[in-house]
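Overview (structure and organization)
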Amino acid sequence: MRTLVPLLLLAAPAHAWEFTPNPICTLTHTEDAASVELIYDHSTALYSINVNTPQGWPSAPAFSIRFDGPQPGLISTARHQIVGDTISVSDSGFGNVLDGLEINTSATAFTETTSVTVSLDGAAEPVARFRDCTDAPIA
């Protein structure tokens, strides 16, 4: 029985924020409700955020992310795209998004009719590594 418990824990999904520098700067997080991916591509100098939910995202005039915690904030845009179950935004600056992810305790991505909340527990260190990657290419 003692060996079964660790095996069950290994089989459970890991809900950690993960940073990968190659081939492009990528920050990912997956929970049952959603998966979040941030990308910075040095060749285009663009940041992107992709939020995928099993229920998908219906067409909406605006997309927002609310950060809750020590420094709450709200970011909204009408420059989003929906493809399949994923809503995406690209821009040349993501400082407010990175600040929100790094400092707060949860983030809620939402439109008029759909919302999903993810935990930011453990996000600070991977977000800091993502920032370092976006400042200088990592070979």
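The structure contained in this document is the topic of the report that follows.

Reading guide: rules and limits
Residues numbered from 1 in each chain as written. Predicted model: local features only at pLDDT ≥ 70, side-chain atom pairs only at ≥ 80, totals over all residues. Heavy atoms only, no water. Helix = DSSP H or I, 4+ residues; strand = E, 2+ residues; numbered from the N terminus. Buried < 20%, exposed > 50% of the residue type's maximum accessible area, 1.4 Å probe, protein only. Contact = heavy atoms within 4.5 Å. Areas by Shrake-Rupley, 256 points an atom, 1.4 Å probe, with all protein chains shown as cover. Disulfide = S-S within 2.5 Å. Pairing = 2+ DSSP bridges. Axes fitted to C-alpha atoms, helices over the stretch in contact; angles between N-to-C directions. Phe/Tyr/Trp six-rings, centres within 6.5 Å; stacked < 30°, edge-to-face > 60°.

**Examining the overall build of the chain**
Broken down by element type, the chain carries three helices and 10 strands. Counting from the amino terminus, the chain carries its helices and strands in the arrangement α-β-β-β-β-β-β-β-β-α-β-β-α. Across the 139 residues that make up the chain, the buried fraction comes to 37%. Of the contacts made within the chain by residues no fewer than 6 positions apart, 56% connect residues no fewer than 24 positions apart. As presented, the chain carries roughly 7800 Å² of accessible surface, and 56% of it is formed by carbon and sulfur atoms.

**Quick notes on the state of the cysteines**
Applying the stated criterion across every chain, the model contains one disulfide. Residue pairing for Cys25: its cysteine sulfur links by disulfide to Cys133, the two sulfurs lying 1.9 Å apart. Because the torsion about its S-S bond is -80 degrees, the bridge between Cys25 and Cys133 counts as left-handed. Taken as a pair, Cys25 in strand 2 (residues 25-30) and Cys133 in helix 3 (residues 124-135) lie far apart in primary sequence, 108 residues in all.

**Quick notes on the sheet that holds strand 6 (residues 73-77)**
Hydrogen bonds between backbone groups are what pair the strands of a sheet, and the pairing can be parallel or antiparallel. Strand order in this open sheet of four strands is 6-5-9-10, and the pairing throughout is antiparallel. The sheet terminates laterally at strand 6 and strand 10 (115-119), the two strands that pair on one side only. The average undirected angle you get between the axes of adjacent strands in this sheet is 15 degrees. Note that strand 5 (residues 63-68) and strand 9 (residues 106-110) share five bridges and pair antiparallel.

**Section: the packing of aromatic side chains**
A full pass over the atoms with the stated rule returns four aromatic pairs. The interplanar angle of 50 degrees and the centroid separation of 4.5 Å between the aromatic rings of Tyr40 and Tyr47 together place this pair among those described as tilted. Pair check on accessibility: Tyr40 and Tyr47 agree, each one buried. Their ring planes at 50 degrees and their centres at 6.4 Å tell us that Tyr47 and Phe130 sit as a pair that is tilted.

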